Amino acid sequence: MRFVSFFADGKTLAAPDALKPPDVSAAPVPFYKLPVLDPPDFFGHLPFSHELQAFLSGKLLSFDELPYPMDMIHEHYLHGCLTYVKGIAVDVGGSFVCKRCGNDKPRLFASFSCFRCKETECVYCRKCLVMGRISRCTPLVRWCGPQLDWRVDDVALEWDGDLSAAQKKASDQMVSRIGDEGELLIWAVCGAGKTEVLFHGVEKALKAGQRVCLATPRTDVVLELLPRLRKVFPGVTLAGLYGGSEEKSEGAQLIVSTTHQLYRFREAFDLVVVDEVDAFPYSYDQSLEYAVHQAKKGNALLVYLSATPSRKMKKSASLGHLAHVRIPVRFHGFPLPVPRFVWCGNWKKRLKKGRLPSNVVDWVSHQLEVKRQGFLFVPSVAALHQVVALLKAGFPGIEGVHAEDPERKEKVMKFRKGEVSIVVTTTILERGVTVPFTDVAVLGAEEDIFTESALVQIAGRSGRSKDDPAGDVLFFHYGRTNAMVDAKRHIEGMNKEAEL
Amino acid sequence: MNYCLYCDKGFYDPVNWRSVLGLADEVHFCEVCSSSFERIQGEVCEICGRSFSLFPEKYRQENRCNDCLRWEEDDKWRGILAKNRSLYVYNDFLKELISRLKYRGDAELVNGFRQELKGVYRQEFKGCVAVPMPLSRERHYERGFNQAQLLAGLLGVEVVHAVNRVLHEKKQSKKSRRERLEMRERIFMLGVDEELVKGKSIVLVDDVYTTGATIRQAAIVLKEAGARSIASLTLAR
Ligand SMILES: [Zn+2]
Ligand SMILES: [Zn+2]
Ligand SMILES: [Zn+2]
Ligand SMILES: [Zn+2]
């Protein structure tokens with residue numbers, strides 16, 4: 001698509017070539033070659049599409065992402081309800097910047113001879129391709145018409161559960177900050193019951209007419225949170241966003257989203273809660289941080305929910321730059337299981353020879369004997385396949401699950417029903433998997449992938465149920481690492497702080 | 001430090017005497033990705049270029065696979081496609097890569113195949129005019145580019161856009177074999193003056209050879225326009 005610019009009522013405006021005013025004879029050019037455009041005047045008396053308003057408010061989308069005809073979109077532009085902005089800009093230093101994902105690494109831009117804009121070198125961003133290609137000839141569309149308005153009279157929290165003392169302290173802290181601009185870290189151990197901690201704060205924000213987003217790295221967490229929130233906030237428009245979701249409730253006031261989906265939002269939320277707990281092996285990388293910061297309004301409150309905050313976050317918390325509140329104790333009040341280190345020799349070499357370390361085999365057979373289920377974490381998918389094959393040959397009820405496993409859901413279900421005794425895995429499974437009488441072991445705990453925070457999260461998978469609060473956590477290793485020692489210290493520190 | 005064209009992992013070029021002398025080709029993919037490509041080597045079907053090493057003995061007769069034998073039994077299609085040659089086995093890795101190229105629109109990926117494609121062209125198709133398999137206007141606009149055109153452009157030889165797609169793409173693979181063999185609908189038309197095609201040896205370029213039906217549909221248009229011979233070159237088979 002190519003555009004023309006024209007001058008009307010003292011403003012520089014743009015139109016797709018096919019929709020240009022009849023008296024404009026300027027040659028069409030790719031969008032990025034247009035002069036600087038003025039925001040069009042808003043004609044408040046003209047009707048606008050409420051559907052488009054709901055779809056586009058607080059977002060930054062390309063034409064391809066908008067399921068509306070071009071002429072309808074452009075009419076809203078001419079009426080001042082939306083603006084066109086460049087998808088890829090050039091910064092002062094002459095480098096490209098993607099306006100959607102913030103990418104500014106030269107190697108992640110490329111170009112091609114473009115059938116749409118007819119440029120021989122149409123530059124595009126390779127970083128955020130998964131969400132649809134943004135190239136220099138792609139304008140992004142922003143809503144600038146009337147704001148969305150929700151019926152807040154119907155907002156009420158329908159939940160009569162109890163909060164523990166530690167949960168309540170965190171909840172109160174969050175409630176007191178609603179309406180403020182800034183950040184708050186809720187540092188909660190795995191199994192602290194952190195969703196409930198959010199309820200009152202979210203209620204206050206919704207009642208004040210704020211738009212709220214809960215962001216988590218994982219789709220399965222979105223799917224788990226949706227029904228819970230629908231139940232406790234029945235009067236609220238609620239939407240779940242994840243890759244492949246078919247969004248129906250456009251313009252919802254409360255949004256539960258994977259962190260990735262936030263790239264599509266701009267200055268949308270008054271309250272954003274970023275949940276990064278139990279995220280291993282997903283991590284909160286820099287571009288996701290960018291996505292979160294772009295998605296919130298300038299004066300929003302940003303709440304981090306973490307069991308294992310980054311070094312940077314811990315430092316700014318201890319220096320007092322980042323307000324924080326700790327929940328050092330689990331919901332059931334029992335301490336976190338402290339990992340034990342068990343030397344298992346050169347397990348990789350053994351695997352190559354088709355054998356497992358004998359103490360790992362002993363652990364599996366012990367679990368089966370005492371009828372306790374178990375997670376066995378391994379550092380790679382390759383190791384997973386080897387270990388599963390070897391265990392299956394000797395024991396019943398063994399299953400392997402990795403992050404991209406297409407049968408993941410079925411296998412998790414089997415584990416939950418007790419049909420599978422030991423799950424060998426490379427990833428933290430769904431949070432719903434809190435089966436009592438479950439222990440945790442890690443094979444190759446010395447591997448780089450097992451960082452302090454990964455190990456803390458893994459250890460946090462055991463002892464989650466009040467019926468069985470004292471799970472066992474074993475780190476089978478071939479040389480202890482700082483990460484292992486730090487993880488153990490981290491857990492002991494939390495227990496000490498909780499005076500357990 | 002290089003960065004892998006596919007997974008963006010940083011890696012160091014393997015240093016050997018060729019790279020020291022600046023003779024080595026640029027390495028585009030990291031070690032893990034590179035090892036995921038399965039180059040088609042050894043014995044292949046003399047027509048469609050599929051690797052016989054991956055193919056059960058019972059589905060071939062001498063140097064041809066059964067699929068090709070059936071094409072050649074048909075009066076309409078006999079000899080229409082002289083041969084096809086493909087670089088790699090269309091495995092899961094390459095499927096993902098090609099889907100990122102086409103459906104995500106990551107045009108840059110084609111640059112990882114320049115040397116290899118040029119090599120096969122030199123060996124098998126020297127002197128042939130390159131004709132990219134076309135897309136319909138709708139599909140071309142949607143994608144912003146035609147991947148076959150990008151691949152043809154890597155060869156560094158004359159590229160003629162000799163064929164146009166007049167029927168919008170449907171899922172070719174969903175049709176039955178019978179429907180494919182019959183192929184009564186016209187999908188392609190000659191897009192240039194016959195003189196540019198007449199008497200020429202032509203190599204059609206595309207990303208994947210699957211059933212060979214679409215490529216033959218384009219080939220027959222060129223044949224009718226007087227092309228001497230038509231072959232094809234694809235990234236995957
Ligand atoms: Zn981008
Ligand atoms: Zn373009
Ligand atoms: Zn790679
Ligand atoms: Zn064949």
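A brief look at the structure comes next. Everything quoted here is computed from the prediction, not taken from an experiment.

### Considerations on the coordination of the zinc ion (ligand 2)
Residue and element names in this part refer to chain A.
So, point 1. Within the protein, Cys114 (SG), Cys117 (SG), Cys122 (SG) and Cys137 (SG) serve as the donor atoms for the zinc ion (ligand 2), at 2.2 to 2.4 Å.
So, point 2. Here the zinc ion (ligand 2) is ringed by 4 donor atoms whose angles at the metal span 102 to 119°, and the overall shape comes out tetrahedral.
So, point 3. In terms of primary sequence, the donors binding the zinc ion (ligand 2) are separated according to C-x2-C-x4-C-x14-C. With a gap of 20 residues between them, Cys117 in the loop between strand S7 (109–112) and strand S8 (122–125) and Cys137 in the loop between S8 and strand S9 (139–143) connect regions that are remote in the sequence. When sorted by exposure, Cys117 lands in the same class as Cys137, which is buried.

### Digging into the packing of helix H12 (residues 452–459) of chain A against helix H13 (residues 482–497) of chain A
All names here are of chain A.
So, point 1. Direction vectors running N to C along H12 and H13 enclose 50°, while the axes themselves pass 8 Å from each other. For the element pair H12 / H13, the angle class is oblique. Pair H12 / H13 crosses with right-handed handedness. Here Glu452, Leu455, Val456 and Ala459 of H12 come into contact with H13, specifically with Ala483, Met484, Asp486, Ala487, His490 and Ile491.

### Considering the nonpolar core
So, point 1. By size, the foremost hydrophobic cluster in this structure holds 100 residues, and its most contacted members are Ile186, Val202 and Leu271 of chain A.
So, point 2. Every residue in contact with Leu271 of chain A, bar those within four places of it in the chain, is listed here: Met174, Ile178, Val202, Ala205, Gln210, Arg211, Val212, Cys213, Ala300, Leu301 and Val303 of chain A.
So, point 3. Counting residues in each nonpolar core, the second largest holds 45 residues, with Cys122 of chain A together with Leu94, Tyr121 and Ala231 of chain B among its members.

### Observations regarding the side chain of Lys59 of chain A
Residue and element names in this part refer to chain A.
So, point 1. With respect to the secondary-structure elements, Lys59 resides in the loop between helix H1 (50–56) and strand S3 (60–62).
So, point 2. Of note is the side chain of Lys59, whose polar atom sits 3.1 Å from the side chain of Glu250.
So, point 3. Setting aside its immediate chain neighbours within four residues, Lys59 contacts Val141, Arg142, Glu250, Arg264, Phe265 and Arg266.

### Remarks on the pattern of salt bridges
Any two side chains of opposite charge can pair if their charged atoms end up close together.
So, point 1. Summed over all chains, the structure comprises 38 salt bridges over all chains.
So, point 2. Note that Arg60 of chain B and Glu43 of chain B form a salt bridge whose closest N and O atoms lie 2.9 Å from each other. With Arg60 of chain B in strand S3 (residues 60–61) and Glu43 of chain B in the loop between helix H2 (31–36) and S3, this residue pair connects regions lying 17 residues apart in the sequence.
So, point 3. Exposure remark for Glu43 of chain B: the relative accessible area of 45% places this residue in the partly exposed category.
So, point 4. Taking the shortest distance from any N to any O, the salt bridge between Asp67 of chain B and Arg50 of chain B comes out at 3.3 Å. Of this pair, Asp67 of chain B sits in helix H3 (residues 66–73) while Arg50 of chain B sits in the loop between H2 and S3; the two residues are 17 residues apart in sequence, bridging distant segments of the chain.
So, point 5. Residue classification places Asp67 of chain B among the partly exposed positions, given a relative accessible area of 29%.
So, point 6. Residue classification places Arg50 of chain B among the buried residues on the basis of a relative accessible area of 13%.
So, point 7. Here the salt bridges share partners, and the residues they tie into one network are Glu65, Arg100 and Arg264 of chain A.

### So, the sheet that holds strand S19 (residues 398–401) of chain A
Either a parallel or an antiparallel arrangement is found when strands of a sheet pair, and the pairing is made through backbone hydrogen bonds.
Residue and element names in this part refer to chain A.
So, point 1. Reading across the sheet, the 6 strands line up as S17-S22-S21-S18-S20-S19 and stay open at both edges, with parallel pairing between neighbours. Every interior strand has two partners, whereas the edge strands, strand S17 (340–343) and S19, have only one. This sheet shows a mean twist of 20° between the axes of neighbouring strands, independent of strand direction.
So, point 2. Relative to strand S22 (residues 473–477), strand S21 (residues 438–443) is paired through 4 bridges, and the arrangement is parallel. Of the residues in S22, the one forming a bridge with Val442 is Phe475.
So, point 3. Against the sheet, helix H10 (residues 381–394) contacts strand S18 (373–377), S19, strand S20 (422–425) and S21, and its axis sits at roughly 170° relative to S19.
So, point 4. Sitting on the sheet, helix H11 (residues 408–417) is in contact with S18, S19, S20 and S21, with an inclination near 140° to S19.

### Structural notes on the interface of chain A and chain B
So, point 1. Listed per partner, the contact involves 15 residues of chain A and 17 residues of chain B.
So, point 2. One can count 2 salt bridges joining chain A with chain B.
So, point 3. Put simply, Asp106 of chain B and Arg126 of chain A hold a salt bridge, and the shortest N to O gap is 2.8 Å.
So, point 4. On inspection of chain A and its partner chain B, the count reaches 13 residue pairs in polar contact (both at pLDDT 80 or more).

Cut-offs and rules
- Residues numbered from 1 in each chain as written.
- Chains lettered and ligands numbered in written order.
- Predicted model: local features only at pLDDT ≥ 70, side-chain atom pairs only at ≥ 80, totals over all residues.
- Heavy atoms only, no water.
- Donors = N, O, S within 2.8 Å, 3.2 Å for Na, K, Ca; no water.
- Tetrahedral: all angles 85-135°; square planar, octahedral: opposite > 155°, others 65-115°.
- Helix = DSSP H or I, 4+ residues; strand = E, 2+ residues; numbered from the N terminus.
- Buried < 20%, exposed > 50% of the residue type's maximum accessible area, 1.4 Å probe, protein only.
- Axes fitted to C-alpha atoms, helices over the stretch in contact; angles between N-to-C directions.
- Parallel < 35°, antiparallel > 145°, perpendicular 65-115°, else oblique.
- Left-handed = near helix turned anticlockwise from the far one by under 90°.
- Contact = heavy atoms within 4.5 Å.
- Core = buried A, V, L, I, M, F, W, Y, C linked by side-chain atoms within 4.5 Å.
- Polar contact = N/O pair within 3.5 Å; in protein donor to acceptor, adjacent residues only side chain to side chain.
- Salt bridge = Lys/Arg side-chain N within 4 Å of Asp/Glu carboxyl O.
- Pairing = 2+ DSSP bridges.

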